[in-house]
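Residue-level structure breakdown
Here's the letter readout for the chains.
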Amino acid sequence: MTGSGPATGLAPRLPAGGEAVVTPWARCALLYLFLFLMGAETFLVSPLLPTIATDLRVSTGAAAQVVTAYVLTYAVAAPLLGGFSDRFPRRFFITVGGVLFVGGNLLCATADSLTALTAARALTGLGGATAAPAIWAYLSESAAPHQRGRAVATGVSGYALGQVLGVPLGGLLSDAAGWPWTFAAVGAGLAPVVLLIGWRLKGPRPTAAPTSPLAGFAVWRQRRLALPLLSTGFLQAGRLGAYTFVGALFAERYGYDTARLGLIGLLVGAGSLTGSVLIGQLSDRARRRGIGENVLSAGCALVFVGASVVALVSTVAAVSLAAVFVWMVAGGAFYTSQQTYLGGADPARRASVISWNGTLDHLGVALGTALLSPWAVAGPGFVAVTAVLGLTAAALSATAARRAAG
């Protein structure tokens with residue numbers, strides 16, 4: 001990747017106004033690799049649950065708590081840590097989070113009981129909650145203004161690519177050497193990256209902010225931040241909440257077996273990756289024309305609504321597959337647009353705002369799954385709830401865009 005000029009020195013060059021004039025792509029590349037490995041690790045556990053359950057002599061349902069431990073720890077810790085993160089150089093929290101993430105994965109690899117594995121996954125979630133907001137904040141504040149969308153989109157793309165490749169690669173390694181080695185591989189791969197980040201990553205020091213653990217909650221007092229954050233929660237509730245049941249839909253309606261359902265997972269990852277790449281270029285161009293990211297987010301939410309309805313009601317497999325792909329393109333584009341907007345909306349609380357976006361992302365999935373579970377998969381109620389969640393997200397983003405324009 002190349003910026004608007006050579007990336008010299010260890011930190012982005014800043015004019016008097018504090019905006020970077022050269023995007024430090026070489027330093028950003030370290031963070032993209034971190035996000036790739038984080039994305040791979042996040043989705044690694046689910047396909048390994050049956051094997052883990054057998055080895056640890058517990059039920060698959062009981063083993064699922066290792067997933068919950070990661071998600072809940074991340075969702076709770078991220079906004080609490082965000083207030084502290086905004087007071088320190090980004091390198092500090094990225095490095096500390098990376099050390100926790102590496103340590104958590106190595107402990108997963110050596111866990112000999114469900115309790116030990118659950119605790120290790122919680123530590124991994126704490127590492128992600130510590131590092132991720134600081135990573136997104138660094139990408140937003142170190143990029144040149146005309147390349148901010150591209151810088152953030154490349155990070156989202158790296159994370160999505162990790163999700164796409166992590167599951168099959170982890171499965172192959174698990175089959176060849178056992179599931180502990182999948183966690184060991186992530187830890188071993190990330191360790192040198194964290195060392196390089198601690199040594200080489202430099203950038204502008206964030207504006208000092210209150211150090212209270214509750215400082216991150218101040219973002220909810222500003223509607224220009226609260227509305228987009230709520231939009232993230234509702235969109236992810238519809239997008240990923242409904243996707244939870246897509247495998248069951250294709251198995252029941254089209255008779256798909258496990259192998260073909262796995263291919264749908266690759267299609268989903270490719271869609272999210274495509275959306276992230278497309279919106280990165282589009283958002284930079286739109287910003288130059290005075291069109292804000294909230295407008296793009298509202299449009300992406302509407303595309304999601306249309307695509308999800310088609311995917312759920314169609315009785316033709318090819319049409320449903322194409323609609324699922326568009327569904328994920330819209331979702332990936334929406335998330336990238338949100339990250340880009342929120343990363344620049346409040347420079348003094350950049351990590352706090354982004355940490356809440358991650359929390360709403362996780363909570364949205366839980367909300368969507370809970371709301372959709374009582375309904376027959378792809379039945380009228382299921383389709384209606386999915387559409388309402390997407391329309392609510394579009395309305396919230398559109399309202400935020402109008403307030404920004406006013």
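About the cut-offs
- Residues numbered from 1 in each chain as written.
- Predicted model: local features only at pLDDT ≥ 70, side-chain atom pairs only at ≥ 80, totals over all residues.
- Heavy atoms only, no water.
- Helix = DSSP H or I, 4+ residues; strand = E, 2+ residues; numbered from the N terminus.
- Buried < 20%, exposed > 50% of the residue type's maximum accessible area, 1.4 Å probe, protein only.
- Contact = heavy atoms within 4.5 Å.
- Areas by Shrake-Rupley, 256 points an atom, 1.4 Å probe, with all protein chains shown as cover.
- Patch = residues over 30% accessible without salt bridge, like charges linked within 9 Å, V, L, I, M, F, W, Y side chains within 5 Å.
- Salt bridge = Lys/Arg side-chain N within 4 Å of Asp/Glu carboxyl O.
- Expected span 1.5 Å × (residues − 1).
- Axes fitted to C-alpha atoms, helices over the stretch in contact; angles between N-to-C directions.
- Parallel < 35°, antiparallel > 145°, perpendicular 65-115°, else oblique.
- Left-handed = near helix turned anticlockwise from the far one by under 90°.
- Phe/Tyr/Trp six-rings, centres within 6.5 Å; stacked < 30°, edge-to-face > 60°.
- Lys NZ or Arg CZ within 6 Å of the ring centre and 35° of its normal.

When you go through the protein chain residue by residue, the secondary structure sums to 15 helices and zero strands. Among the 406 residues that make up the protein chain, the fraction classed as buried is 52%. Considering only residue pairs separated by 6 or more positions, the protein chain has 80% of its internal contacts joining residues 24 or more positions apart. Summing over all exposed atoms, the protein chain offers an accessible surface of approximately 16,100 Å²; the carbon and sulfur share of this is 69%.

This part takes up unusual backbone geometry. Look at R57: it is not a glycine, yet its phi comes out positive at around 60°. One non-glycine residue, A378, lies in the positive phi region at around 65°. With respect to the secondary-structure elements, A378 resides in the loop between α14 (350–372) and α15 (380–405).

A word on a nonpolar patch on the surface. A contiguous nonpolar patch, built from L161, L165, L169 and L172 and spanning about 360 Å² of accessible area, is present on the exposed surface. Turning to its location among the elements, L165 is positioned in helix α7 (residues 148–177). Judged by its relative accessible area of 34%, L165 is partly exposed.

The next point concerns helix α1 (residues 25–42). Between the first and last C-alpha of α1 there are 25 Å, a value that for 18 residues agrees with the 26 Å anticipated at 1.5 Å per step. The buried fraction of α1 amounts to 14 of the 18 residues, a majority that puts the element mostly inside the structure.

The subject of this paragraph is the environment of F36. Assignment of secondary structure puts F36 in helix α1. Setting aside its immediate chain neighbours within four residues, F36 contacts G158, Y159, L161, G162 and L165.

Throughout the structure, instances matching the rule amount to seven salt bridges. Note that E141 and R350 form a salt bridge whose closest N and O atoms lie 2.9 Å from each other. Here E141, found in helix α6 (residues 114–142), pairs with R350, found in helix α14; they are 209 residues apart in sequence, far enough to count as distant. We classify E141 as buried; its relative accessible area is 9%. Under the relative-accessibility criterion, R350 is labelled buried at 8%. For D346, the salt bridge identified is with R349, shortest N-O distance 3.6 Å. When its relative accessible area of 7% is taken as the criterion, D346 is described as buried. With a relative accessible area of 26%, R349 lands in the partly exposed category. In the salt-bridge network here, residues are joined through shared partners; they are D86, R90, E141 and R350.

The next subject is the packing of α1 against helix α8 (residues 180–200). Two elements in contact, α1 and α8, have axes separated by 10 Å at closest approach and are oriented at 155°. The orientation of α1 with respect to α8, classified from their angle, is roughly antiparallel. For the crossing formed where α1 meets α8, the hand is left-handed. In contact with R27, L30, L31, L33, F34, L37 and E41 of α1, α8 contributes F183, V186, G189, L190, V193, V194, L196, I197 and R200.

What follows covers the environment of T369. Counting through the fold element by element, T369 comes out in helix α14. Classification of T369 as partly exposed rests on a relative accessible area of 23%. Each C-alpha atom, one on T369 and one on G238, is 8.5 Å from the other, the two residues being 131 residues apart in sequence. Setting aside chain neighbours within four positions, we find T369 in contact with G241, T244 and F245.

Where two aromatic rings form a pair, the distance of their centres and the angle of their planes describe that pair. Under the counting rule described, the total for this entry stands at 13 aromatic pairs. Geometrically, the ring pair formed by F88 and F93 is tilted, given 5.8 Å between the ring centres and 40° between the ring planes. Note on F88: relative accessible area 32%, which makes it partly exposed. Site record: aromatic cluster; members linked through ring pairs are F88, F92 and F93. Positioned over the ring face of W199 is R200, at 5.4 Å from the centre of the ring.

The next point concerns the side chain of S308. Checked against the element boundaries, S308 lands in helix α12 (residues 293–313). For S308, a relative accessible area of 1% gives the class buried. If we skip the residues at most four places from it in the chain, S308 touches W327 and T386.

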